[in-house]
Amino acid sequence: MDILAGIGNNRILWITIIAWFIAQVLKVITTLLMDKHLNLLRLVGSGGMPSSHSSFVMSLATGVGKLHGWDSSIFALSLVFALVVMYDAAGVRYAVGRQAVILNQIIEDFHHHRKDKKLTENRLKELVGHTPYEVFAGAVLGIAIAWWLV
């Protein structure tokens, strides 16, 4: 039985959305298991395990490859796009998150030692990127979902 019957003509788009959603739900579950509290904001947040960015783009590349052929130009384009997104998630965005941790600590220390307290305490978002393991897990999830649904 085709579980995606009747969803419209753009099957690959729906598969990528499903892959993203499953990754986001898994983030909620992972956070619940690791931190022992339910954080529904993880449904829409970036960063964490598994990478929904990786799941999203690898399900796209896998779906395109299965549907249009592994030697097609559109597969090559979608794979290169996926690799850039995953590199960014594990590289640049992960580094931004690490810098945010340091900057938040500097702001907290500065605020704690200042008497005039004019510096606001708005914290920078620290969970914006992924470890290579989180990216890999998201990629595997995306490939598996697309392989199953295409």
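Residues numbered from 1 in each chain as written. Predicted model: local features only at pLDDT ≥ 70, side-chain atom pairs only at ≥ 80, totals over all residues. Heavy atoms only, no water.

1. Side note on the environment of Ala76
For Ala76, the location among the structural elements is in helix 3 (residues 73-90). Residue class for Ala76 comes out partly exposed when judged on its relative accessible area of 38%. For the pair Ala76 and Ala61, spaced 15 residues apart in sequence, the C-alpha separation works out to 8.1 Å. (Helix = DSSP H or I, 4+ residues; strand = E, 2+ residues; numbered from the N terminus. Buried < 20%, exposed > 50% of the residue type's maximum accessible area, 1.4 Å probe, protein only.)

2. Re the environment of Ser51
Residue placement: Ser51 occurs in the loop between helix 1 (11-35) and helix 2 (52-68). Assessed through its relative accessible area of 0%, Ser51 is described here as buried. Placed 85 residues apart in sequence, Ser51 and Phe136 show a C-alpha to C-alpha distance of 7.9 Å. Reaching out from Ser51, the side chain makes a polar contact with the backbone nitrogen of His53 at a distance of 3.4 Å. (Polar contact = N/O pair within 3.5 Å; in protein donor to acceptor, adjacent residues only side chain to side chain.)

3. Digging into the nonpolar core
Formed by Ile12, Val57, Met58, Ala61, Val64, Phe75, Ala82, Val85, Met86, Ala89, Val135 and Ala139, the largest nonpolar core amounts to 12 residues. Mapped onto this core, the elements with two or more residues apiece are helix 2, helix 3 and helix 5 (132-149). Ranked by size, the runner-up nonpolar core spans seven residues in total, among them Ala23, Leu141, Ala146 and Leu149. (Core = buried A, V, L, I, M, F, W, Y, C linked by side-chain atoms within 4.5 Å.)

4. Remarks on the packing of helix 2 against helix 5
Put simply, helix 2 and helix 5 touch, their axes get as near as 7 Å, and they point 35 degrees apart. The two elements helix 2 and helix 5 meet at a crossing, and its hand is right-handed. On helix 5, the residues that touch Ser54, Ser55, Met58, Ser59, Thr62, Gly63 and Lys66 of helix 2 are Val135, Gly138, Ala139, Leu141, Gly142, Ile143, Ala146 and Trp147. (Axes fitted to C-alpha atoms, helices over the stretch in contact; angles between N-to-C directions. Left-handed = near helix turned anticlockwise from the far one by under 90°. Contact = heavy atoms within 4.5 Å.)

5. A short note on the confidence of the model for the protein chain
Averaged over all residues, the pLDDT of the protein chain is 81; the fraction at 70 or higher stands at 71%. In the model of the protein chain, helix 4 (residues 92-113) stands out as the element of lowest mean pLDDT, 68, in contrast to helix 2, which has the highest, 95. (pLDDT = per-residue confidence, 0-100.)

6. Points about helix 3
Spacing of three or four residues puts side chains on the same side of an α-helix, whose turn is 3.6 residues. Between its first and last C-alpha atoms helix 3 spans 26 Å; for 18 residues at 1.5 Å apiece the expected length is 26 Å, and the two agree. Along helix 3, the residues classified as buried are Phe75, Ser78, Ala82, Val85, Met86 and Ala89. One face of helix 3 carries all of its buried residues, which in axial projection span an arc of 95 degrees. Projecting away from the buried face of helix 3 at angles above 90 degrees are the exposed residues Ser73, Leu77, Val80, Val84 and Tyr87. (Expected span 1.5 Å × (residues − 1). Arc of directions from axis to C-beta.)

7. Comments concerning a nonpolar patch on the surface
Taken together, Leu13, Trp14, Ile17, Trp20, Phe21, Ile22, Leu26, Ile29, Leu33, Met34 and Phe56 make up a surface patch of nonpolar side chains, about 1000 Å² in accessible area. It is helix 1 that contributes the most residues to the nonpolar patch, 10 residues altogether. Turning to its location among the elements, Ile22 is positioned in helix 1. (Patch = residues over 30% accessible without salt bridge, like charges linked within 9 Å, V, L, I, M, F, W, Y side chains within 5 Å. Areas by Shrake-Rupley, 256 points an atom, 1.4 Å probe, with all protein chains shown as cover. Salt bridge = Lys/Arg side-chain N within 4 Å of Asp/Glu carboxyl O.)

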